[in-house]
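Fold and contact review
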Amino acid sequence: MELGSLQRRYIDFTTALFREGFLDNQYTQLQQLQDESNPEFVLEVVTLFFEDSEKLLDELSRTLDQQVVDYKKVDAHVHQLKGSSASIGAQRVKNVCMAFRNFCEERNQEGCLRCLQQVRQEYFLVKSKLETLFRLEKQILAAGGSVPVLW
């Protein structure tokens, strides 16, 4: 694919991620921390988010499957997931975590299980979108171009 076309596709895709609420301005701030001395900064931070989130989601599943649910433990995991998703700008994941925490406070297992499904769905959606974005960035760089800065 031609460089100009790749760059336009990148701009359109990124714009859609913000418009559809997958990402917020925190992601922009993360990008601004990336420079020549650390060109893979965003990829590294987001990869850590992916690894940590999948562990947290697995732990949440195990904890909610217990006969007697430890809601403090569930809330602590959800709080951690909310914080890490907020730190990379994964807005929709963060928003579901906020509702999830309310169900923890109410000790509502059914509500927690619904939120777990929803947070999983939002997590895997944003993961897929960010992986696509990173592939586009690699294609642009491989074609000898620079990744467009939108802000």
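Residues numbered from 1 in each chain as written. Predicted model: local features only at pLDDT ≥ 70, side-chain atom pairs only at ≥ 80, totals over all residues. Heavy atoms only, no water.

So, the packing of helix α2 (residues 25–32) against helix α4 (residues 71–88)
In a pair of packed helices, the angle between the axes and the distance between the axes together describe the arrangement. At a closest axis distance of 6 Å, the pairing of α2 and α4 adopts a crossing angle of 60°. Seen from α2, the contacting residues are Gln 26, Tyr 27 and Leu 30; seen from α4, they are Ala 86, Ser 87 and Ile 88. Looking at the contact of α2 with α4 residue by residue, the class counts come to four nonpolar, two polar and no charged. (Axes fitted to C-alpha atoms, helices over the stretch in contact; angles between N-to-C directions. Helix = DSSP H or I, 4+ residues; strand = E, 2+ residues; numbered from the N terminus. Contact = heavy atoms within 4.5 Å. Nonpolar A, V, L, I, M, F, W, Y, C, P; charged D, E, K, R; others polar.)

Digging into the pattern of salt bridges
Enumeration according to the criterion identifies eight salt bridges in this entry. Arg 92 serves as the salt-bridge partner of Glu 122, at 2.8 Å between the closest nitrogen and oxygen. Of this pair, Glu 122 sits in helix α6 (residues 109–142) while Arg 92 sits in helix α5 (residues 91–105), and the two are 30 residues apart along the sequence. Note on Glu 122: relative accessible area 11%, which makes it buried. Taking the relative accessible area as the measure of exposure, Arg 92 reaches 24% and is therefore partly exposed. Residues Glu 110 and Arg 114 are paired through a salt bridge, measuring 3.2 Å at the closest nitrogen-oxygen approach. Taken together, the positions of Glu 110 and Arg 114, both in helix α6 and four residues apart, correspond to about one turn of that helix. (Salt bridge = Lys/Arg side-chain N within 4 Å of Asp/Glu carboxyl O. Buried < 20%, exposed > 50% of the residue type's maximum accessible area, 1.4 Å probe, protein only.)

Topic: the side chain of Ser 61
With respect to the helices, strands and loops of the structure, Ser 61 is situated in helix α3 (residues 41–64). Under the relative-accessibility criterion, Ser 61 is labelled buried at 18%. Contact partners of Ser 61, with chain neighbours within four places excluded, come to Leu 116 and Arg 120.

Description of the packing of α3 against α4
The interhelical angle for the contact between α3 and α4, taken along N-to-C directions, is 160°, at an axis separation of 10 Å. By the angle class used here, α3 and α4 are roughly antiparallel. Of the two elements, α3 crosses α4, and the hand of that crossing is left-handed. Residues Val 45, Val 46, Phe 49, Ser 53, Leu 56, Leu 57, Glu 59, Leu 60, Thr 63 and Leu 64 of α3 form the contact with α4, whose own contacting residues are Lys 73, Val 74, His 77, Val 78, Gln 80, Leu 81, Ser 84, Ser 85 and Ile 88. Split by residue class, the contact of α3 with α4 holds eleven nonpolar, six polar and two charged. (Parallel < 35°, antiparallel > 145°, perpendicular 65-115°, else oblique. Left-handed = near helix turned anticlockwise from the far one by under 90°.)

Some remarks on the packing of aromatic side chains
Here the structure, examined in full by the defined rule, presents four aromatic pairs. The interplanar angle of 50° and the centroid separation of 6.1 Å between the aromatic rings of Phe 49 and Phe 50 together place this pair among those described as tilted. In this structure Phe 49 comes out as buried when scored by relative accessible area, which is 3%. One aromatic cluster in this structure is built from Phe 49, Phe 50, Tyr 123 and Phe 124. The ring of Phe 22 carries Arg 92 above its face, with NZ or CZ at 3.8 Å from the centroid. Cation over ring: Lys 127 sits above Phe 50, and NZ or CZ is 5.5 Å from the ring centre. (Phe/Tyr/Trp six-rings, centres within 6.5 Å; stacked < 30°, edge-to-face > 60°. Lys NZ or Arg CZ within 6 Å of the ring centre and 35° of its normal.)

Details of the nonpolar core
Counting residues in hydrophobic clusters, the biggest one holds 38 residues, and the most contacted among them are Tyr 27, Val 46, Val 74, Val 93, Phe 100, Val 119 and Leu 130. Not counting residues up to four positions away in its chain, the partners in contact with Leu 130 are Leu 23, Tyr 27, Val 46, Phe 50 and Ile 88. (Core = buried A, V, L, I, M, F, W, Y, C linked by side-chain atoms within 4.5 Å.)

In short, geometric facts, not functional conclusions.
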